[in-house]
Amino acid sequence: MSVLLPDGETPIIRVRGLENRFGDQIVHQDLDLDVRRGEIIGVVGGSGTGKSVLMRSIIGLQTPSAGSIEVLGENMVGRPEDEAKNIRRRWGILFQNGALFSTLTVAENVQVPIREYFPFIREPLLGEIAGYKIAMSGLPENAGAKYPSELSGGMRKRAGLARALALDPELLFLDEPTAGLDPIGAQAFDQLILGLQKRLDLTVFLITHDLDSLYAICDRVAVLADHKVIAVDTIDRLLQLEHPWIQEYFNGPRGRAAAA
Amino acid sequence: MASVAVPETDVHVFAPSGALTIGRAGSTQRELQAAADPLTIDLSGVDRIDTVGAWLIHRTIRDRGASLRGASPDVLNLLEQVAEADRGDAVGKPARINPVAELGTWAIEFARTFKGLLGFFGAVLIGFVSVITHPRRFRYNAVVRSFDVVGVRALGIIGLMSFLIGIVVGQQGAVQLQQFGAESFTINLIGRITVRELGPLMTAIMVAGRSGSAFAAQIGTMKITEEVDAMRTIGVSPIEALVLPRMIAAIIVMPLLAFWSMLCAIIGGGLFCWIGLEIPPVTYIQRIAEVVPATDLWVGLIKAPVFGFIIALAGCFQGMLVANDSEQVGLKTTAAVVQSIFLVIVINAVFAVFFASIGWI
């Protein structure tokens, strides 16, 4: 089956022939992927299949050995820094542990991208923008003035999400957003992402191991195995494929529990 | 149906067109401020809006009671989202700095650090005793490794530093003593000051910068990665495993390094005397042996292990204080170096008084 979108549709992310290798170790080879505008796409794969490397390649933190990557219709490979910057402000990224700047408060963290790209926006508007972004991410009122070290893991992720949303991105990258959260917190985070995606018209690229998240919020799921994306589809249709890893992943005890 | 006709001229209309996004936030804000009340906002011309644009509209409606018209369902939806996330000014800012409170916090912090250092000192002594009573728990490998890192690898830099200091002391001393025709006393100056004071002190400062900081950074990083907690749960005492080997190595290596430093400084001074003052090396060595009393050497060698102990104590203590975030590693490493150099200089002054009063002048 094809992992690509039909010809008439323009994808928001288009990856063709991606190859990543570190020395002798091949992570990706001839990897193709299309992400549809407005969808939540989940990316799954065993440990070491290069989910994070794929995300890092797409957002330009990792230069691929070969292949082309287009995000929002712009080529991203080998782009000079000043041009890449204009594309970067159209996406937001939530790193696995939040990657908040530890010397800044949560509100200041959210303001960093705004200050960088729109230096003419000053207080008090800057503070107000940070305030409603923090509220939208579901953090309590007093969180803005706190430092990241004073927050719990779940709150840190929400603060990271608030920073990712700072510039009203079209595209949101989430690297294992529910890892390390308790089930209630994880579910709340899923619903938060689903709600934000609907309200703000986002496209979400979600790396996860959380089967519940996949069932709850993903429109399609991309499966990484054998150095490439072997299938992209809804979970129902993925279940009909014969690939052993897919079968084991979704039909194992945990997979069935999540589906129930 | 009767309708109240409001003449358009009484109402000010703000009608942006095109994109109402963060990119135009500055000009939109200015235009909104310039528009007088009562204000009507007409959004029929807006084709793109983001949350920042919606926030500006929402704020104007909230604060100035402006009315809205021509908004599409999408825009209304976005305005609703923004209104939902509006919490007034509750987000708050960090409190202002109050100098008196700062001073108080600083004093309490200082007292707490000192108390913590004393507590740590006690824990280290207990560790020493338990290692002496259970010699099997002593970690020879870790100690030998620390010997290498703290001692052997420092020989080059300490030797070079001391050699240069010897030359400078000789040269500066000679300039002053020549005024009295007493340049041969340069040898006394070089010999006594390097053996008694500069050797141990400069070595301590170099070891604090090289190894004290490394102790703090290594242990601090292990704290952050929860290695120290893991050790505790397994039943390994972090004091015995991490602190004692470093401390023993520093205590043993410091006098050796200090002696090496004295030698290099004397050689540097000798080189200057040979070239600058034309005192042949043989005479120089003979004079050094005559003018430097054995007690000077003892003073230097007694001080050195104490300095080593203080450096290791401050470094390991600050490393153990690291918690939560990686920024602390840097802060505590700096604190370790500052604290150990400060304490070394204080103890050195105490030693100077002590040795003078027992007659080792």
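On a predicted model such as this, the values are computed, not experimentally measured, just so you know.

## Focus on the overall build of chain B
Scanning chain B for helices and strands turns up twelve helices and five strands. Burial status across chain B gives 35% buried among its 361 residues. At a minimum sequence separation of 6, the contacts of chain B that also span at least 24 residues come to 85%.

## Topic: the interface of chain B and chain A
Across the contact, 22 residues belong to chain B and 26 residues belong to chain A. Every element with two or more residues in the side of chain B that touches chain A is listed here: α1 (25-34), α2 (51-64) and α3 (73-84) of chain B. Of the residues contributing to the side of chain B that touches chain A, the split by class is nine nonpolar, seven polar and six charged.

## Quick look at the sheet that holds strand β6 (residues 91-94) of chain A
Two modes of strand pairing occur in sheets, parallel and antiparallel, and in both the strands are linked by backbone hydrogen bonds. Residues and elements named next belong to chain A. Here six strands make up an open sheet; going across it, the order is β6-β7-β8-β3-β9-β10 and the pairing mixed. Only two strands of the sheet have a single neighbouring strand rather than two, namely β6 and β10 (228-233). Taken pair by pair, the neighbouring strands of this sheet meet at an average axis angle of 15°, ignoring direction. Bridge count for strand β7 (residues 171-175) against strand β8 (residues 203-207) is five bridges, and the pairing is parallel. Across the sheet, residue Leu174 finds its bridge partner in β8, namely Leu206. Across the sheet, helix α1 (residues 51-58) touches β3 (40-45), β7, β8 and β9 (220-225), and the angle it forms with β8 is around 145°. Contacts from helix α5 (residues 153-164) reach β6 and β7 within the one sheet, and its direction differs from that of β6 by about 165°.

## Quick look at the sheet that holds strand β1 (residues 12-14) of chain B
All names here are of chain B. Strand order in the open sheet made by the three strands is β1-β3-β5, with parallel pairing throughout. Each edge of the open sheet carries a strand with a single partner, namely β1 and β5 (67-69). Ignoring strand direction, the axes of neighbouring strands in this sheet form an average angle of 30°. Bridge count between strand β3 (residues 39-42) and β5: three bridges; the pairing is parallel.

## Considering unusual backbone geometry
Non-glycine residue A:Asp30 carries a positive phi angle of around 55°. Relative to the assigned elements, A:Asp30 resides in strand β2 (residues 25-35).

## Things to note about the nonpolar core
If you look at the biggest cluster of nonpolar residues, it comprises 85 residues, and the most contacted ones within it are A:Ile134, A:Phe173, A:Phe205, A:Leu206 and A:Ala222. Counting residues per element, this core draws most heavily on helix α4 (residues 125-136) of chain A, which supplies six residues. Within the second largest apolar cluster, 58 residues are counted, among which are B:Ile248, B:Ala250, B:Val253 and B:Phe307.

## Thoughts on the environment of A:Lys157
All names here are of chain A. When you line up the elements, Lys157 lands in helix α5. Each C-alpha atom, one on Lys157 and one on Thr178, is 8.6 Å from the other, the two residues being 21 residues apart in sequence. Residue contacts for Lys157: discarding those within four places in its chain leaves Leu94, Gly98, Pro177 and Phe189.

## Quick notes on the confidence of the model for chain A
Averaged over every residue, the pLDDT of chain A is 84; the share at 70 or more is 98%. The secondary structure element of chain A with the lowest average pLDDT is helix α10 (residues 253-259) of chain A, at 75, and the one with the highest is β8(A), at 90.

## Digging into the packing of helix α3 (residues 106-117) of chain A against α4(A)
Residue and element names in this part refer to chain A. Axis separation between α3 and α4 bottoms out at 9 Å; the angle between their running directions is 115°. What the angle tells us is that α3 and α4 run roughly perpendicular. Between α3 and α4 lies a crossing whose hand is right-handed. Residues Val106, Ala107, Val110, Gln111 and Ile114 of α3 form the contact with α4, whose participating residues are Leu126, Gly127, Ile129, Ala130, Lys133 and Ile134.

## Some remarks on the packing of helix α7 (residues 186-224) of chain B against helix α12 (residues 327-357) of chain B
All names here are of chain B. Axis separation between α7 and α12 bottoms out at 8 Å; the angle between their running directions is 145°. Here the hand of the crossing between α7 and α12 comes out right-handed. Residues Leu201, Ala204, Ile205, Ala208, Gly209, Gly212, Ser213, Ala216, Ala217, Gly220, Thr221 and Ile224 of α7 lie in contact with α12, whose contacting residues are Gln328, Val329, Lys332, Thr333, Ala336, Val337, Ser340, Ile341, Val344 and Asn348. Its residues assigned to classes, the contact of α7 with α12 comprises twelve nonpolar, nine polar and one charged.

## Considerations on the pairing of β7(A)
Regular strands show a simple pattern: their side chains alternate between the two faces of the sheet. Residue and element names in this part refer to chain A. With respect to burial, β7 is a largely interior element, five of its five residues being buried. Here β7 shows a buried face lined by Leu171, Phe173 and Asp175 and a second buried face lined by Leu172 and Leu174. Bridging between β6 and β7 involves four bridges; their strand directions are parallel. Residue Gly92 lies in a different strand from β7, and its bridge partner there is Leu172.

## What to know about the environment of B:Phe317
Residue and element names in this part refer to chain B. With respect to the element layout, Phe317 can be found in helix α11 (residues 294-321). For Phe317 and Thr113, which are 204 residues apart along the polypeptide, the C-alpha to C-alpha distance reads 9.6 Å. Apart from residues no more than four positions distant in its own chain, Phe317 is found in contact with Leu117 and Phe120.

## Let's talk about the confidence of the model for chain B
Scored by pLDDT, chain B has a mean of 88; 95% of the residues are at 70 or more. Here the complex is predicted with pTM 0.66, and the ipTM for its interfaces comes to 0.71.

## Quick word on helix α6 (residues 183-200) of chain A
Residues and elements named next belong to chain A. The end-to-end C-alpha distance of α6, which contains 18 residues, comes to 25 Å, matching closely the 26 Å that a straight helix rising 1.5 Å per residue would cover. Next to the buried residues of α6 lie α5, β8 and α7 (211-217). Looking one or two residues beyond α6, the residue adopting positive phi is Asp201, at roughly 60°.

Cut-offs applied
Residues numbered from 1 in each chain as written. Chains lettered and ligands numbered in written order. Predicted model: local features only at pLDDT ≥ 70, side-chain atom pairs only at ≥ 80, totals over all residues. Helix = DSSP H or I, 4+ residues; strand = E, 2+ residues; numbered from the N terminus. Buried ≥ 20, exposed ≤ 12 C-beta atoms within 10 Å, placed from the backbone. Contact = placed C-beta atoms within 7 Å. Nonpolar A, V, L, I, M, F, W, Y, C, P; charged D, E, K, R; others polar. Pairing = 2+ DSSP bridges. Axes fitted to C-alpha atoms, helices over the stretch in contact; angles between N-to-C directions. Core = buried A, V, L, I, M, F, W, Y, C linked by C-beta atoms within 7 Å. pLDDT = per-residue confidence, 0-100. Parallel < 35°, antiparallel > 145°, perpendicular 65-115°, else oblique. Left-handed = near helix turned anticlockwise from the far one by under 90°. Expected span 1.5 Å × (residues − 1).

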